[in-house]
Amino acid sequence: MWFRGDIAIQGDTIVRVAPSIEGVARRTIDAGGRVVSPGFIDIHTHARRGINQVPTADNYTRQGVTTVIEGPDGSSPLPLRPFLDALAQLRTSVNIGAFVGQGSVRSEVMGDVNRKATPEEIGRMTALMETAMRDGALGISTGLFYVPGTFTPTDEVIALAKVAAKYGGMHESHQRDDASKVLDSVRETIAIGEGGGLPTQVSHAKVVGTANFGKSKEMLALIDAARARGVDVTLDQYPYTASSTSVAAALLPAWALEGTRADQLARLKDPAQRARIKSDSIAMIRDERGGGDAKNVQFASCGFDPSLAGKTLADLTRQRGLEPTIPNAADTTMWLVEQGGCQGIFHAMSEDDLVRILKHPATMIASDGEVPIFGRANPHPRSYGTFARVLGRYVRDEHVLTLEEAVRKMTSFPAARLGFTDRGVLRPGMKADIAIFDPATVRDTATFTAPHQYAEGFFAVLVNGQVIFENGAMTPARPGQILYGRGRR
Ligand SMILES: [Zn+2]
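Keep in mind the model is a prediction, meaning the values are calculated, not measured. (Residues numbered from 1 in each chain as written. Predicted model: local features only at pLDDT ≥ 70, side-chain atom pairs only at ≥ 80, totals over all residues.)

Observations concerning the overall build of the protein
Then, number 1: Looking only at helices and strands, the protein has 16 helices and 19 strands in total.
Then, number 2: Against the globule reference of 23 Å for 489 residues, the protein gives a C-alpha radius of gyration of 22 Å, in line with a compact fold.
Then, number 3: Expressed along its principal axes, the backbone C-alpha trace of the protein runs to roughly 80 × 50 × 45 Å.
Then, number 4: Within the span of the protein, comprising 489 residues, buried residues form 52% of the whole.
Then, number 5: Across the protein, contacts joining residues at least 24 apart in sequence account for 77% of those joining residues at least 6 apart. (Helix = DSSP H or I, 4+ residues; strand = E, 2+ residues; numbered from the N terminus. Rg over C-alpha atoms; globule rule 2.2 N^0.38 Å. Buried ≥ 20, exposed ≤ 12 C-beta atoms within 10 Å, placed from the backbone. Contact = placed C-beta atoms within 7 Å.)

Put into structure tokens, the structure is as follows:
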């Protein structure tokens, strides 16, 4: 529960929390009647997209985020140590930690091939996992939806999850299927936790495709049942009914993406295979991330034609002289993958499922965002708005969550999950990561058509005792630390 009080900070640490603290300080911040919260910990980000260009990660810090976690969806830099060392050199405003990606490990040993691993290959993957955990990974992430994760049998994932478990790490999953097979995918995420002997998490929990709307009920029932029998399974979620990933991964079948880019292009050139890819793509646009209509697919960025950012698959299909029917949109999808591909935004989820998942006590908040270059391309607004949106829309305006519950989902809950014993709550001895905001005005302003807009209502943000944001602007301080997992040697 909230209470009115003062906080004393010495160096990077909170030394006292009390109703009133007398004495002289080098600097005093008068928070007025605002909320003083632990800084938000974003357990699922793609911050390596952009952090080198924007080490201040303004989109995150301006909504109270003080820690971002990388290496999601089965994808991380390998080896991890040079990546973390480079981030330490870079000096970021926010703290950063990372998972090791199962897909990256598999790709390193086997390439992006569709077959089972040999025992010898599993041995090599296990060794890479050991190294990553000793380098300070927080656990193992999987992206079983993506190539090459999708080619991985569950027992192979479990073999690697056991290594993460040995070093006190957790597992987080971008599930194999968030659409018609979403419940099987939840069962698999639970099985990885159970078989691997480690905490497991459904990342960016969602239900995709109109035919599947409502399945969050069964999804959460599976979570509750697993928890009741002792499996430590949790979820995270971003508060939007659209997802974002590459158009190829979302709208073409995984088998079409096996191997190298040359392999993919050869498949698209072969008339028989192209026809099969098209028919699978039609189903994916109709029933899955396409949301049943080409206008529900929006381009975030296209390397081969930056002017497409913000336009829809329907727009591009028309631009190519075709009616925006689903079969024509599938043709356009194959064409744009041949051109080099795009990142997309996919409007294919329901608000009812979103709210049901958000309310669940085992769900924490995570953006799944990146560090955008301000003004460039048309990224998903979650990068700018996730935390402010939960506090504004779902706490203040719609009363879906209490303020305290929302703050828990952004702070102490992910901190405990990641094994951060010195962050996530305001208490003497904890690192002074703090977000100060006005609960009456906090809101997200980034939209799907105008995403480059910072959140509003934040008064000041501190990381490791230093003010990184105040008076509506970033300060020169860059006090972010690398946060390592318990297995670090
Ligand atoms: Zn993901």
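Remarks on the nonpolar core
Across soluble globular proteins, you tend to see nonpolar side chains buried next to one another.
Then, number 1: Counting residues in each nonpolar core, the largest one holds 131 residues, and the members touching the most others are M129 and A164.
Then, number 2: Both domain 1 (38-241 + 349-423 + 437-461 + 469-474) and domain 2 (247-347) contribute no fewer than three residues apiece to this core.
Then, number 3: The residues contacting A164, other than those within four sequence positions of it, are M129, M133, G139, I140, G169, H171 and L198. (Core = buried A, V, L, I, M, F, W, Y, C linked by C-beta atoms within 7 Å. Domains from an automatic or database assignment.)

Observations regarding the sheet that holds strand β9 (residues 170-174)
Then, number 1: Spatial strand order, β7-β8-β9-β10-β11-β15: six strands in an open sheet with parallel pairing. Among the strands making up the open sheet, the edge pair consists of β7 (100-101) and β15 (363-365).
Then, number 2: Both strand β8 (residues 139-143) and β9 contribute to a ladder of five bridges, which runs parallel. The residue of β9 that forms the bridge with T142 is S173.
Then, number 3: Where helix α6 (residues 182-196) meets the sheet, it contacts β9, β10 (200-202) and β11 (233-237), and its direction lies at approximately 170 degrees from that of β10. (Pairing = 2+ DSSP bridges. Axes fitted to C-alpha atoms, helices over the stretch in contact; angles between N-to-C directions.)

Describing the domain arrangement of the protein
Then, number 1: Looking at the assigned domains, one finds that the protein contains domain 1 (38-241 + 349-423 + 437-461 + 469-474) and domain 2 (247-347).
Then, number 2: Distance between the C-alpha centres of domain 1 and domain 2: 26 Å.
Then, number 3: Each partner contributes to the interface: domain 1 provides 19 residues, whereas domain 2 provides 19 residues.
Then, number 4: Split by residue class, the side of domain 1 that touches domain 2 holds nine nonpolar, nine polar and one charged. (Nonpolar A, V, L, I, M, F, W, Y, C, P; charged D, E, K, R; others polar.)

Digging into the confidence of the model for the protein
Then, number 1: Confidence along the protein averages 97 in pLDDT terms, with 100% of residues attaining 70 or more.
Then, number 2: Looking at the elements of the protein, mean pLDDT is at its lowest for strand β12 (residues 242-246), recorded as 96, and at its highest for strand β4 (residues 40-42), recorded as 99. (pLDDT = per-residue confidence, 0-100.)

Concerning the sheet that holds strand β6 (residues 95-98)
Then, number 1: Taken in spatial order, the three strands line up as β4-β5-β6 in an open sheet, and their pairing is parallel. With one partner strand each, in any of the chains shown, β4 and β6 form the two edges of the open sheet. Averaged over all pairs of adjacent strands, the angle between strand axes in this sheet comes to 20 degrees, irrespective of strand direction.
Then, number 2: Inspection of the sheet shows strand β5 (residues 65-70) paired to β6 by four bridges, in the parallel sense. In the strand pairing of β6, E70 is matched with A98.

Thoughts on helix α5 (residues 154-166)
Then, number 1: Here α5 is 13 residues long and its end C-alpha atoms lie 19 Å apart, about the 18 Å a rise of 1.5 Å per residue gives.
Then, number 2: Two residues or fewer past α5, G168 is found with a positive phi of approximately 80 degrees. (Expected span 1.5 Å × (residues − 1).)

Focus on the packing of helix α7 (residues 216-228) against helix α13 (residues 351-359)
Then, number 1: In the contact formed by α7 and α13, the axes pass within 9 Å of each other and the chain directions differ by 20 degrees. In this view, α7 runs roughly parallel relative to α13, as classed from their interaxial angle. Handedness of the α7/α13 crossing: right-handed. Across the interface between the two elements, S216, K217 and L220 of α7 pack against D353, R356 and I357 of α13.
Then, number 2: Classifying every residue of the contact of α7 with α13 gives two nonpolar, one polar and three charged. (Parallel < 35°, antiparallel > 145°, perpendicular 65-115°, else oblique. Left-handed = near helix turned anticlockwise from the far one by under 90°.)

So, the environment of T411
Then, number 1: Inspection of the secondary structure puts T411 in the loop between α15 (403-410) and α16 (412-418).
Then, number 2: Residue classification places T411 among the buried residues on the basis of 26 C-beta atoms within 10 Å.
Then, number 3: In this structure the C-alpha to C-alpha distance between T411 and M364, which are 47 residues apart in sequence, comes to 8.7 Å.
Then, number 4: Setting aside anything within four residues of it in sequence, one finds T411 in contact with S37, P38, F40, I41, G424 and V425.

Quick word on helix α3 (residues 102-110)
At 3.6 residues per turn, the α-helix brings residues three or four places apart onto the same side.
Then, number 1: Every buried residue of α3 is accounted for by Q102, G103, S104, V105 and R106.
Then, number 2: Of the residues flanking the end of α3, it is G111, one or two places downstream, whose phi is positive at about 80 degrees.

Side note on the pairing of strand β2 (residues 13-18)
Sheet faces and side chains relate simply in a regular strand, where the side chains alternate between the two faces.
Then, number 1: Sheet analysis places strand β1 (residues 6-10) next to β2, joined by five bridges and oriented antiparallel. Residue pairing in the sheet places D6 in a bridge with A18 of β2.
Then, number 2: Taken together, β1 and the strand that follows it, β2, pair antiparallel across an intervening segment of two residues, in which G11 is found at a positive phi of about 60 degrees.

Observations concerning the pairing of strand β18 (residues 466-470)
Then, number 1: In this structure, strand β17 (residues 458-463) lies alongside β18, joined through four bridges in antiparallel fashion. When the sheet's bridge partners are listed, L462 is paired in β18 with V467.
Then, number 2: Linkage of β17 to β18, two consecutive antiparallel strands, is achieved through a turn of two residues, within which N464 is found at a positive phi near 50 degrees.
Then, number 3: The pairing of β18 with strand β19 (residues 473-474) spans two bridges and is antiparallel. In the strand pairing of β19, F469 is matched with M474.

What to know about the environment of A159
Then, number 1: With respect to the helices and strands, A159 occurs in helix α5.
Then, number 2: On a C-alpha basis, the gap between A159 and T126 in space is 7.7 Å, while along the polypeptide they are 33 residues apart.

Observations regarding the environment of L354
Then, number 1: Along the chain, L354 turns up in helix α13.
Then, number 2: The class of L354 is buried, set by 21 C-beta atoms lying within 10 Å.

Observations regarding unusual backbone geometry
Then, number 1: Going from L78 to P79, the amide bond is cis rather than trans, its omega being -10 degrees.
Then, number 2: Cis geometry is adopted by the peptide bond preceding P148, which originates at V147 and carries an omega value of 5 degrees.
Then, number 3: Locating P148 in the fold gives a position in the loop between β8 and α5.
Then, number 4: For R91, which is not glycine, the phi dihedral falls at a positive 60 degrees.
Then, number 5: Structurally, the position occupied by R91 is in the loop between α2 (80-90) and β6.
Then, number 6: Among the residues examined, R91 registers 12 C-beta atoms within 10 Å and is labelled exposed.
Then, number 7: The phi angle at N464 is positive, at roughly 50 degrees, despite the residue not being glycine.

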